Amino acid sequence: MERQQIEQIVADVLTELKETTVPVSQHSMIPVSVSARHVHLSPQHIEALFGKEYELTKQMDLSQPGQFASNETIIIAGPKGSLQHVRVYGPSRRSTQAEISRTDAIKIGIRPPIRQSGDIAGSAPFTLIGPAGSVSLTEGLQIAQAHIHMSPRDAQNFGVTNGDFVSVEIRGERPLTIHQVLIRVSDRFRLEMHIDTDEANAGFIRSGAPGRIVPGQAVDRLRW
């Protein structure tokens, strides 16, 4: 084959690749938020920890609509230590739960499971201490499953459904890929991925870093 023919074939292939490659756009990126340890309280436990008819006071709105970080903090206690100044998130929930990192769990001597928010059955026991009293619970302490909040329209755009597990590549000073990221879909949600402080520290990740679902990894519903 003559050199001129080879050069023409190469040029044709490069042109085809250029035309078929989809460029990365802002719409394909998912903002990542680093979620520090926090607690969600039931109305009953708000009163037990802060006093009768007490109501949480808002410090700042969170990214998800209707959610806020309150001015109130409490202590999470375990058999080997405690976590001070743990922020209470509002509004109140039907069941009390606390979300901490693996590093936090080692510090206080508890081995909580990795769970999605709200799935507290069989999770770890713990004690909460507030200015007006304390509460010891048989379950509710967990490490949050890395997850992505998204609207139904976002889910359609990304080709995923509620309950899927995906792998997400996060850019930053030390890029990394997080696997088994849960997709959570609701018309109340705003697009955002949540990871805990251990995951963030592993990749030098700060809130606002861009994440990208790894193609071909968006249909696994099985836990490893």
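Look a little higher up for the structure.
Given the structure is predicted, the values throughout are model-derived calculations rather than measurements.

1. A closer look at the overall build of the protein chain
Each helix and strand in the protein chain was counted, giving five helices and 14 strands. Here the protein chain holds 224 residues, and the buried ones make up 41% of them. Once local pairs closer than 6 in sequence are excluded, the contacts in the protein chain between residues at least 24 apart make up 67%. Carbon and sulfur atoms form 52% of the exposed surface of the protein chain, whose accessible area is close to 13,000 Å².

2. Here we look at the nonpolar core
Grouped together as the largest cluster of nonpolar side chains are 23 residues, with contacts concentrated most on Val39, Leu41, Ile74, Ile76, Phe126, Leu128 and Leu141. Contributing elements (two or more residues each) for this core: helix H2 (43–50), strand S4 (68–78), strand S5 (81–90), helix H3 (102–108), strand S8 (124–130) and strand S9 (133–144). Discounting residues that sit within four places of it in the chain, Leu41 has contacts with Ile46, Leu49, Phe50, Ile74, Val88, Ser92, Arg93, Thr96 and Leu128. Core analysis: the second largest hydrophobic core is formed by 21 residues, Ala146, Leu191, Met193 and Ile213 among them.

3. A look at the environment of Ala105
Turning to its location among the elements, Ala105 is positioned in helix H3. For Ala105, a relative accessible area of 0% corresponds to the buried category. Those residues in contact with Ala105 that lie beyond four places of it in its chain are Ile100, Ile110 and Pro112.

4. Concerning the environment of Leu141
In this structure, Leu141 sits in strand S9. Expressed as a C-alpha distance, the spacing of Leu141 and Arg111, which sit 30 residues apart in the sequence, is 9.0 Å. Not counting residues within four places of it along the chain, the set of residues in contact with Leu141 comprises Ala98, Ile100, Ile108, Ile110, Pro112, Pro113, Ser123, Ala124, Pro125 and Phe126.

5. Brief notes about the packing of aromatic side chains
Under the defined criterion, the tally for this structure stands at one aromatic pair. An angle of 20° between the planes, with centres 5.2 Å apart, marks the rings of Phe50 and Tyr54 as stacked. For Phe50, a relative accessible area of 12% translates into the label buried.

6. Remarks on the sheet that holds strand S13 (residues 192–196)
Spatially, six strands are ordered S1-S13-S10-S12-S11-S14 in a closed barrel, and the strand pairing comes out mixed. When the angles between neighbouring strand axes are averaged without regard to direction, this sheet yields 40°. Bridge count between strand S10 (residues 147–150) and S13: three bridges; the pairing is antiparallel. Bridge pairing in S13 links His149 to Glu192.

7. Some points on H2
An α-helical turn contains 3.6 residues, so any two residues separated by three or four positions project in the same direction. Of the residues making up H2, those classed as buried are His45, Ile46, Leu49 and Phe50. Along the axis of H2, the buried positions cluster into a sector of 110°, meaning they face one direction only. Elements that come into contact with the buried residues of H2 comprise S4, S5, S8 and S9. Count one or two residues on from H2 and you reach Gly51, which has phi positive near 120°.

8. Details of the side chain of Ser70
Along the polypeptide, Ser70 turns up in strand S4. When its relative accessible area of 0% is taken as the criterion, Ser70 is described as buried. At 3.2 Å, the side chain of Ser70 forms a polar contact with the backbone nitrogen of Glu72. From its side chain, Ser70 meets the backbone oxygen of Val88 in a polar contact 2.7 Å long. Not counting the four nearest positions on each side in its chain, Ser70 is found in contact with Leu56, Thr57, Lys58, Gln59, Arg87 and Val88.

9. Observations regarding the pairing of S5
Pairing analysis gives three bridges linking strand S2 (residues 38–40) to S5, with the strands arranged parallel. Across the sheet, His38 pairs through a bridge with Arg87, a residue of S5. Of the strand pairs in this sheet, S4 and S5 are connected by seven bridges, and their pairing is antiparallel. Each bridged residue has a counterpart across the sheet, and for Thr73 the counterpart in S5 is Arg87. With antiparallel pairing between neighbouring strands as the criterion, S4 and S5 make up a hairpin whose turn holds two residues.

Criteria and cut-off values
Residues numbered from 1 in each chain as written. Predicted model: local features only at pLDDT ≥ 70, side-chain atom pairs only at ≥ 80, totals over all residues. Heavy atoms only, no water. Helix = DSSP H or I, 4+ residues; strand = E, 2+ residues; numbered from the N terminus. Buried < 20%, exposed > 50% of the residue type's maximum accessible area, 1.4 Å probe, protein only. Contact = heavy atoms within 4.5 Å. Areas by Shrake-Rupley, 256 points an atom, 1.4 Å probe, with all protein chains shown as cover. Core = buried A, V, L, I, M, F, W, Y, C linked by side-chain atoms within 4.5 Å. Phe/Tyr/Trp six-rings, centres within 6.5 Å; stacked < 30°, edge-to-face > 60°. Pairing = 2+ DSSP bridges. Axes fitted to C-alpha atoms, helices over the stretch in contact; angles between N-to-C directions. Arc of directions from axis to C-beta. Polar contact = N/O pair within 3.5 Å; in protein donor to acceptor, adjacent residues only side chain to side chain.

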